[in-house]
Amino acid sequence: MISITIPSPEVIIYKQANPELSHINGFTDFHLITREAGGIFMFYNDQDELLFVGKARKLRPRIKKHFEDNVSVMKLHRDEVTRIEVCLVEDPVDREIYETYIVNKLRAKYNVEKVLYK
């Protein structure tokens, strides 16, 4: 039997109700997320429900892309996101395993790929 422990987030950023600084969907702290490191990220709503899990070789650009492009699975649900958690995971195989595990264990609402529980 394989035992997987979900890593603790290194960075958590929160949506602001009335941001005074430049923002993307209410998030102003993207600068806290590394630009160069790889890892996994999780989007949550205000009821602590996991909305989406993703992985990236370079975290900050990938996360921002979910809020800026028109092909993201999250494009219709961006306003629901109130918290973003980021875990640094450099090994690509580990990222793949964590993403698949978290999607299925915590039943991420908007992930459509790698879903085994439906």
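For clarity, every value in this text was computed on a predicted model and none was experimentally measured.

So what about the sheet that holds strand β3 (residues 50-56)? Which residues, and what values?
Reading across the sheet, the four strands line up as β1-β4-β2-β3 and stay open at both edges, with antiparallel pairing between neighbours. The open sheet has two edge strands with one neighbour each: β1 (11-14) and β3. Along the sheet, successive strands turn relative to each other by an average axial angle of 15°, direction set aside. Relative to strand β4 (residues 83-88), β1 runs antiparallel, the two being bridged by four bridges. For I13, the partnering residue across the bridge sits in β4 and is I84. Of the strands in this sheet, β2 (39-44), β3 and β4 are in contact with helix α1 (residues 59-68), which crosses β2 at around 30°. This element, helix α2 (residues 92-105), spans β2 and β3 of the sheet and lies at about 170° to β3.

Describe in detail the pattern of salt bridges, supporting the description with residues and values.
Under the criterion given, the structure shown has nine salt bridges. Salt-bridge contacts for E36 lead to K58; the nearest nitrogen and oxygen are separated by 3.6 Å. Of the two residues, E36 is situated in the loop between β1 and β2 and K58 in the loop between β3 and α1; the sequence distance between them amounts to 22 residues. Here E85 and R83 are joined by a salt bridge, their closest N and O atoms 3.0 Å apart. A residue is classified by how much of its surface remains accessible, and E85, at 12% relative accessible area, is buried. Look at the salt bridges and you will find they share partners, linking K55, E96, E99 and K114 into a network.

Tell me about the pairing of β2, and name the residues and values.
Each regular strand carries side chains that alternate between the two faces of the sheet. Buried residues dominate β2, accounting for six of its six residues. Neither face of β2 is open: one carries G39, F41 and F43, the other I40, M42 and Y44, and all of them are buried. Connecting the antiparallel pair β2 and β3 is a turn made up of five residues, with D48 showing a positive phi of about 60°. In this sheet, β4 lies alongside β2 in antiparallel orientation, the contact comprising six bridges. The residue bridging G39 from the neighbouring strand is L88, located in β4.

Can you explain the packing of aromatic side chains? Please cite residues and give values.
All chains considered together, the criterion is met by seven aromatic pairs. Measuring from centroid to centroid gives 5.4 Å for F43 and F67, while their planes differ by 55°, and the two rings are tilted. Of this pair, F43 sits in strand β2 while F67 sits in helix α1, placing them 24 residues apart in sequence. When its relative accessible area of 0% is taken as the criterion, F43 is described as buried. Grouped by ring-pair contacts, the aromatic residues F27, F30, F41, F43, F52 and F67 constitute a single cluster. Positioned above the aromatic ring of Y44 is the side chain of R83, whose terminal nitrogen or guanidinium carbon lies 4.0 Å from the ring centre.

Report on α2, specifying residues and quantitative values.
Spacing of three or four residues puts side chains on the same side of an α-helix, whose turn is 3.6 residues. With 14 residues, α2 ought to run about 20 Å at 1.5 Å a step, and its terminal C-alpha atoms sit 20 Å apart, in line with that. Where α2 is concerned, the buried positions are R95, E99, I102, V103 and N104. Contacts from the buried residues of α2 go to β2 and β3. One side-chain oxygen of the residue at the start of α2 lies 2.9 Å from the amide nitrogen of V93, identifying that residue as D91.

Rules and cut-offs
Residues numbered from 1 in each chain as written. Predicted model: local features only at pLDDT ≥ 70, side-chain atom pairs only at ≥ 80, totals over all residues. Heavy atoms only, no water. Pairing = 2+ DSSP bridges. Helix = DSSP H or I, 4+ residues; strand = E, 2+ residues; numbered from the N terminus. Axes fitted to C-alpha atoms, helices over the stretch in contact; angles between N-to-C directions. Contact = heavy atoms within 4.5 Å. Salt bridge = Lys/Arg side-chain N within 4 Å of Asp/Glu carboxyl O. Buried < 20%, exposed > 50% of the residue type's maximum accessible area, 1.4 Å probe, protein only. Phe/Tyr/Trp six-rings, centres within 6.5 Å; stacked < 30°, edge-to-face > 60°. Lys NZ or Arg CZ within 6 Å of the ring centre and 35° of its normal. Expected span 1.5 Å × (residues − 1). Polar contact = N/O pair within 3.5 Å; in protein donor to acceptor, adjacent residues only side chain to side chain.

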